[in-house]
Amino acid sequence: MRASERAYQVLREDIVAWRLLPGTVLAEVEQSERLGVSRTPLREALGRLSAEGLTQAAGGRGVVVTDISLDDVAELFELREILECRAAALAAQRGNPSVFASLHWELRDAPTLLTAADPARHTYYALVTRLDEAIDSSISNSYLAQAMRTLRVHLVRIRRLAAEDVDRLTAAAAEHAAIAEAIADGKPRLAEAATTLHLHRSLAHIKATHPPLSKEHHG
């Protein structure tokens, strides 16, 4: 793996997992030493992160991790509703029913994955990712799939905020199961409705439980 790719992947994961918090300065010397790369590949990695909106130049402070405000979250969910509802409908029309039927049953059992043995919920999120990937591969629209992959960079960052809320994750698993079931049954309008309901409840949960996301709290 190229040095710039390695640096990009580590920094991206640190940002979306909140190990690097909003406002953190990514000093070139410090990050080069931490990641074991020279400054040239580090700059390439930071450039990619800035293009994705995960970092930004901050005047004399250099490059910093971008903030996430409640306004940002609301805007992302507006776009998410447009893209994901359409994708769910297309998957219901074009996808393999057996793939989504299998995912439906796995998602129904997903609450059993939310245990203290996996506090970071890696197994649960891997299952959700498989649903995302199944939808992407079913819609037969490379432009829509790419738009959703770009959006998910930010959604993963937001989603980690709910990682310790077992009740919300249990409810979300049921919502994902309903989406998979509607797609498996070949019902595009029901798939759209199930997706809309999931997004509405997810955004309501974030607004209710994470007021520190607003910019005034990050100073």
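Residues numbered from 1 in each chain as written. Predicted model: local features only at pLDDT ≥ 70, side-chain atom pairs only at ≥ 80, totals over all residues. Heavy atoms only, no water.

### Focus: the confidence of the model for the protein chain
Close inspection of predicted coordinates is inappropriate in any region flagged by low pLDDT.
(1) Moving on: In this model, the protein chain carries a mean pLDDT of 88, and residues with pLDDT of at least 70 account for 92%.
(2) Moving on: For the protein chain, helix H7 (residues 142-159) is the element with the lowest average pLDDT, namely 86, and helix H5 (residues 97-108) is the one with the highest, namely 97. (pLDDT = per-residue confidence, 0-100. Helix = DSSP H or I, 4+ residues; strand = E, 2+ residues; numbered from the N terminus.)

### Here we look at the packing of aromatic side chains
The description of two aromatic rings rests on the distance between their centres and on the angle between their planes.
(1) Moving on: Overall, the coordinates contain one aromatic pair when judged by the stated rule.
(2) Moving on: Note on Tyr124 and Tyr125: the rings are 5.3 Å apart at their centroids and 70° apart in plane angle, and the pair reads as edge-to-face. Both residues of the pair, Tyr124 and Tyr125, belong to the buried class.
(3) Moving on: Its guanidinium or amino end placed over the ring of Tyr8, Arg48 lies 3.7 Å from that ring's centre, counting from NZ or CZ. (Phe/Tyr/Trp six-rings, centres within 6.5 Å; stacked < 30°, edge-to-face > 60°. Buried < 20%, exposed > 50% of the residue type's maximum accessible area, 1.4 Å probe, protein only. Lys NZ or Arg CZ within 6 Å of the ring centre and 35° of its normal.)

### Let's talk about the nonpolar core
(1) Moving on: Residues Phe100, Tyr124, Ile135, Ile139 and Ile183 are the most contacted members of the largest nonpolar core, which totals 44 residues.
(2) Moving on: When sequence neighbours within four positions are dropped, the list of residues in contact with Tyr124 reads Ala110, Leu113, Leu114, Leu169, Ala172, Ala173 and His176.
(3) Moving on: One finds Leu11, Leu35, Val37 and Leu49 within the second-largest nonpolar core, a separate group that totals 15 residues. (Core = buried A, V, L, I, M, F, W, Y, C linked by side-chain atoms within 4.5 Å. Contact = heavy atoms within 4.5 Å.)

### A few points about the side chain of Thr195
(1) Moving on: On the secondary structure map, Thr195 appears in helix H9 (residues 188-209).
(2) Moving on: Of the residues examined, Thr195 reaches a relative accessible area of 3% and is grouped as buried.

### Overview of unusual backbone geometry
(1) Moving on: The phi dihedral of Trp18 is positive, around 65°, even though this residue is not glycine.
(2) Moving on: Along the chain, Trp18 turns up in the loop between helix H1 (3-16) and helix H2 (28-35).
(3) Moving on: Residue Trp18 is classed as buried on the basis of its relative accessible area of 17%.
(4) Moving on: A positive phi is found at Ser140, a non-glycine position, where the angle reads about 55°.
(5) Moving on: Tracing the backbone through its elements, the reader meets Ser140 in the loop between helix H6 (122-138) and H7.
(6) Moving on: Classification of Ser140 by relative accessible area gives exposed; the value is 62%.

### Points about H6
(1) Moving on: Counted at 1.5 Å a residue, the expected span for H6 with its 17 residues is 24 Å, and the 24 Å between its end C-alpha atoms agrees.
(2) Moving on: Looking at H6, one finds that the buried residues are Tyr124, Tyr125, Leu127, Val128, Leu131, Asp132, Ala134, Ile135, Asp136 and Ser138.
(3) Moving on: Buried residues belonging to H6 abut helix H4 (70-94), H5, H7 and helix H8 (166-184).
(4) Moving on: After H6 finishes, the residue Ser140 shows a positive phi value of roughly 55°. (Expected span 1.5 Å × (residues − 1).)

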